[in-house]
Amino acid sequence: MRTTDNSALLSAAFSRDGQQIVAATGGGYLAVWNAITGEKALELASPKVPIWAVQFSPDGKSVLSGSDDGHMRLWSLQNGRLIADQPSHASNLRIARFSPDGSLIATAMWTPDAPSWDGTVKLWDGQTGRLRHTLKGHKQDVRDIEFVFKGKEKYFFTASSDRTVRKWDLRTGKTLEVLRLDEAATTVKFSRDPDLHLAVATDRSGLVTYWTTFPSKATGHTEAVNDST
């Protein structure tokens, strides 16, 4: 696989069935590739700005992108056309995620060198790209989002530079719980073990905090933890 604009590869993702890869570059080049043969399957119209985040929809029918101009774009894989092109945030849209069932899209922005203080998360319809909710509460950039669908319960967590992790109700867009850290939260994950549901947040000091009923902390890292699984 080789992009045609010779700029840096910024984001890539597999389809759920592992048959396709979507990749995007700093020059705004966006294409879908056959993961088995390495051949290009579809080239999408370039927004000509760096694309920080890409993801296939759970049903494999569309591709989501978040870019440097703050736009959330949703592309049809049937014809390569735009389904939605929404000015989601002021700039640096680095988080763009589908919910597990594809019904929702969550977007957030953050700036690595200078926090933008945006702090908002926007929820969009996963099929049409129309705005559902604008979630406010964080005082600084949102660094990560994790959807949790557990039976009839549907909510999600956000990790922020404001040293908090928030749990949100997807139906109302309201905060359900605020978990506080000693440092900026950079990522949040949820355990897939059905018997042990844990929200995990990591901060820039390298500390990992686990939440069940009471938070517990794991040490070992000496610098920032930027991801966890």
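In this text, all values refer to a predicted model and were calculated from it rather than measured experimentally.

J.: Just give me the short version of the pattern of salt bridges, but keep the residues and values in it.
T.: One pass over the structure, following the stated rule, counts eight salt bridges. Residue Arg 73 pairs with Asp 85 through a salt bridge whose shortest N-O separation is 3.4 Å. On the criterion of sequence distance, the pair formed by Arg 73 in strand E7 (residues 71-76) and Asp 85 in strand E8 (residues 82-87) is long-range, its members being 12 residues apart. On the accessibility criterion, Arg 73 (7% relative accessible area) is buried. Assessed through its relative accessible area of 35%, Asp 85 is described here as partly exposed.

J.: Break down the sheet that holds strand E14 (residues 153-160) for me, with residues and values.
T.: The four strands are arranged E13-E14-E15-E16 in an open sheet whose pairing can be described as antiparallel. A strand with exactly one partner marks an edge of an open sheet, and here the two such strands are strand E13 (142-150) and strand E16 (175-180). On average, each strand axis in the sheet is inclined to that of its neighbour by 20 degrees, with strand direction left out of account. As defined by bridge partners, E13 adjoins E14 across eight bridges and the pair is classed as antiparallel. Looking at E14, one finds that Val 148 is bridged to Tyr 155.

J.: Account for unusual backbone geometry, naming residues and giving values.
T.: Across residues other than glycine, the phi torsion is negative in most instances, and most of the peptide bonds are trans. Its identity is not glycine, yet Asn 92 carries a phi of approximately 45 degrees, on the positive side. Looking at the element boundaries, Asn 92 is found in the loop between E8 and strand E9 (93-98). For Asn 92, a relative accessible area of 12% gives the class buried.

Cut-offs applied
Residues numbered from 1 in each chain as written. Predicted model: local features only at pLDDT ≥ 70, side-chain atom pairs only at ≥ 80, totals over all residues. Heavy atoms only, no water. Salt bridge = Lys/Arg side-chain N within 4 Å of Asp/Glu carboxyl O. Helix = DSSP H or I, 4+ residues; strand = E, 2+ residues; numbered from the N terminus. Buried < 20%, exposed > 50% of the residue type's maximum accessible area, 1.4 Å probe, protein only. Pairing = 2+ DSSP bridges. Axes fitted to C-alpha atoms, helices over the stretch in contact; angles between N-to-C directions.

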